[in-house]
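Observations on the three-dimensional arrangement
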Amino acid sequence: MLSIWKRELQGYFFTPVGYVFMGVFLTLSSVIFFLTIMQSRSSDLLSFIGTMSYLWMLLCPVLTMRLLAEEKQKRTDQLLLTSPVSLPGIVLGKYLAAVTVMALTVLLTGLFVLIVAIYGQVYSGELVVGYLGFLLQGCAFIAMDLFISGCTSNQVTAVVAAFGANFVLWMLDLIQSAINIDWVNGLLSFFSLYERSEPFLMGQFSFASVGYDISFAAAFILLTIHQMDARRYRGA
Amino acid sequence: MIELKGVTKRYGTVEAIRDISFTAPKGQIVGLLGQNGAGKTTTLNILTGYMPPTAGQVLVDGMDMLTHARDCKRAIGYLPEKPPLYDEMTVHSYLRFVCELKEVDRKTIPAHVDEVMTICGLQEVAQRLIGHLSKGYRQRVGVAQALCGDPPVLVLDEPTVGLDPRQVVEIRALIKSLGQNHTIIFSSHLLSEIQQLCQRVIILHRGKLIREASMDALTNAGDALMLQASIKGRQQELLPALRSLPCVRRVKPLKQSVPGITEVSIECERNTSPDAQTAIFRLLCAMDAPIMQLRIEHDTLEDAFLRATASE
């Protein structure tokens, strides 16, 4: 698993993918920083984080698109699957590599926090909770997009499908407001990753949301493993 | 070393291979022969644990591939039809990665990578990106990758396809030298290649195993000994004389290319006393008809293959 993680991590920076992800993420987040913090002369980092979390929807597919789809396209999965590495090891190694790049990028947004700390007031408690929710949300998105990458053998399909799925997840909130059936609303809000992150953005630590994000990610990782195993049996 | 027992693979409703059983004994080079679509790649993919069979069993050193996947996979190095290479890596870092995957002891990895690169002649491209290499080099990196971790069994799927003639010769020489201390299973649709390299041949046809035999048994089928001779002398005198020998069954004159030299193909009994060659030599000596050339005509693998596939 460790060797897979290392190779994928190097892969992100041997190819433009890692730089594109980091570059676009940081550019967009500095625009958001300008709009939410600088222009309104506020030190409300939670609303900055809340707006940044929409970037996951847009950018996580970039991180995940090649992870499994490319292996199948280039038939390099033949190396992995005939090596003494287990299927969960392969999937987890790849997942953690994507999470590492994401976490590194988030770490760099610490610069924005530093700026606010110099010119204003930072409440460390709510900042930690905000970032925790932000990271967990990213982990959940990456897990779902990894699953989608595992379903196809083409990177373009993977990225478009993942973007679509993320978009639907985001729209759950909108769909909710358009439907007036209670149980449907309950169901939709249960699955909404954005609604789940609301407590964090108010500076509250929520066990329910942490649990939800982690189980959301775990479920998709398990699905990915299962899906790849089934594919081996089918021989497709 | 490797044993397949009644292996069947279905892709949906299509049956790719049916009830294939064979053994690859330790230290032999086994050739898997068949036309395109005969099921060679499917067989190898199952053999290496890339995909499980629909029915049947794969045993590596007596261990079942399904239950002891990790140990089985460690014992096999696999070069698939398309070498599984990451274009964005250098040859050196790629081989390092494969060594890590194959659980080579961390301390010995640098030395091992060097050794594998030397065997495959990759030293001069060690720091090049795999994506920039020519096809021949890519194939060699593929072979090197299979050698990582020093597995006792090598499985090579059409290792010489698409290479230029010189590279083909090189890869064949490499396989031959590796065959001295590895069990090798390799597939090919080139009869001459199998004939050159293998000790055992397995012929697949439309997903079924139709012949498994040692190369000698396959190419020396039947009890007839076929000889071809060039003799100085006149055909009218030589043919009746040869036909009069008790060990000779049939004599067929061949096209004459040099005036005064008769070319014939002689079908003799095997295991006569004196043997057919001696009898012919004595006869021709007595006739004062010098033998310019006499050789045993081996049944080619091609004949054997055509015979095997025609009877299906």
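Some points on the sheet that holds strand E9 (residues 200–205) of chain B
Backbone-to-backbone hydrogen bonds pair the strands of a sheet. The strands run either parallel or antiparallel. All names here are of chain B. Ordered in space as E6-E7-E8-E3-E9-E10, the 6 strands form an open sheet in which the pairing is mixed. On the outer flanks of this sheet lie strand E6 (76–79) and strand E10 (208–214), each paired with one strand and no other. Ignoring strand direction, the axes of neighbouring strands in this sheet form an average angle of 15°. For strand E7 (residues 153–157) and strand E8 (residues 183–188), the ladder comprises 5 bridges, and the chain directions are parallel. Considered in E8, the bridge of Leu156 is made with Phe186. Lying over the sheet, helix H5 (residues 135–147) contacts E6 and E7, oriented at roughly 165° with respect to E6.

A look at the domain arrangement of chain B
Splitting chain B by domain gives domain 1 (2–219) and domain 2 (224–297). Its C-alpha centre places domain 1 of chain B at a distance of 45 Å from the equivalent point of domain 2 of chain B.

Details of the side chain of Ser29 of chain A
Residues and elements named next belong to chain A. Note that Ser29 resides in helix H2 (residues 16–38). Among the residues examined, Ser29 registers a relative accessible area of 0% and is labelled buried. Those residues within four positions of Ser29 in sequence are excluded, and the remaining contacts are Phe48, Met52, Leu55, Thr109 and Phe112.

Considerations on a nonpolar patch on the surface
Residue and element names in this part refer to chain A. Residues Leu111, Leu114, Ile115, Ile118 and Tyr119 make up a contiguous nonpolar surface patch of roughly 590 Å² in combined accessible area. Within the secondary structure, Ile118 is located in helix H7 (residues 110–119). For Ile118, a relative accessible area of 61% puts it in the exposed group.

Some points on the sheet that holds strand E4 (residues 55–60) of chain B
All names here are of chain B. The sheet built from 4 strands is open, its strands ordered E2-E1-E4-E5 with antiparallel pairing. Of all strands in the sheet, those with a lone pairing partner are strand E2 (14–24) and strand E5 (63–64), marking the two edges. Summarising the sheet, strand E1 (residues 2–11) and E2 pair through 7 bridges and their orientation is antiparallel. Residue pairing across strands places Val7 opposite Ile20, the latter belonging to E2.

A word on the pairing of E1 of chain B
Residues and elements named next belong to chain B. Across 5 bridges, the pairing between E1 and E4 is antiparallel. Each bridged residue has a counterpart across the sheet, and for Ile2 the counterpart in E4 is Val60. Taken together, E1 and the strand that follows it, E2, pair antiparallel across an intervening segment of 2 residues, in which Gly12 is found at a positive phi of about 60°.

Description of the interface of chain A and chain B
Each partner contributes to the interface: chain A provides 26 residues, whereas chain B provides 31 residues. Interface of chain A and chain B: buried area, both sides summed, is about 2700 Å²; carbon and sulfur atoms make up 58% of it. The interface formed by chain A and chain B holds 4 salt bridges in total. With a closest N to O distance of 3.6 Å, Glu88 of chain B and Arg66 of chain A form a salt bridge. At the boundary of chain A with chain B, the tally comes to 10 residue pairs in polar contact (both at pLDDT 80 or more).

Reading the values: the criteria
Residues numbered from 1 in each chain as written. Chains lettered and ligands numbered in written order. Predicted model: local features only at pLDDT ≥ 70, side-chain atom pairs only at ≥ 80, totals over all residues. Heavy atoms only, no water. Pairing = 2+ DSSP bridges. Helix = DSSP H or I, 4+ residues; strand = E, 2+ residues; numbered from the N terminus. Axes fitted to C-alpha atoms, helices over the stretch in contact; angles between N-to-C directions. Contact = heavy atoms within 4.5 Å. Domains from an automatic or database assignment. Buried < 20%, exposed > 50% of the residue type's maximum accessible area, 1.4 Å probe, protein only. Patch = residues over 30% accessible without salt bridge, like charges linked within 9 Å, V, L, I, M, F, W, Y side chains within 5 Å. Areas by Shrake-Rupley, 256 points an atom, 1.4 Å probe, with all protein chains shown as cover. Salt bridge = Lys/Arg side-chain N within 4 Å of Asp/Glu carboxyl O. Buried area = accessible area lost by both parts, 1.4 Å probe. Polar contact = N/O pair within 3.5 Å; in protein donor to acceptor, adjacent residues only side chain to side chain.

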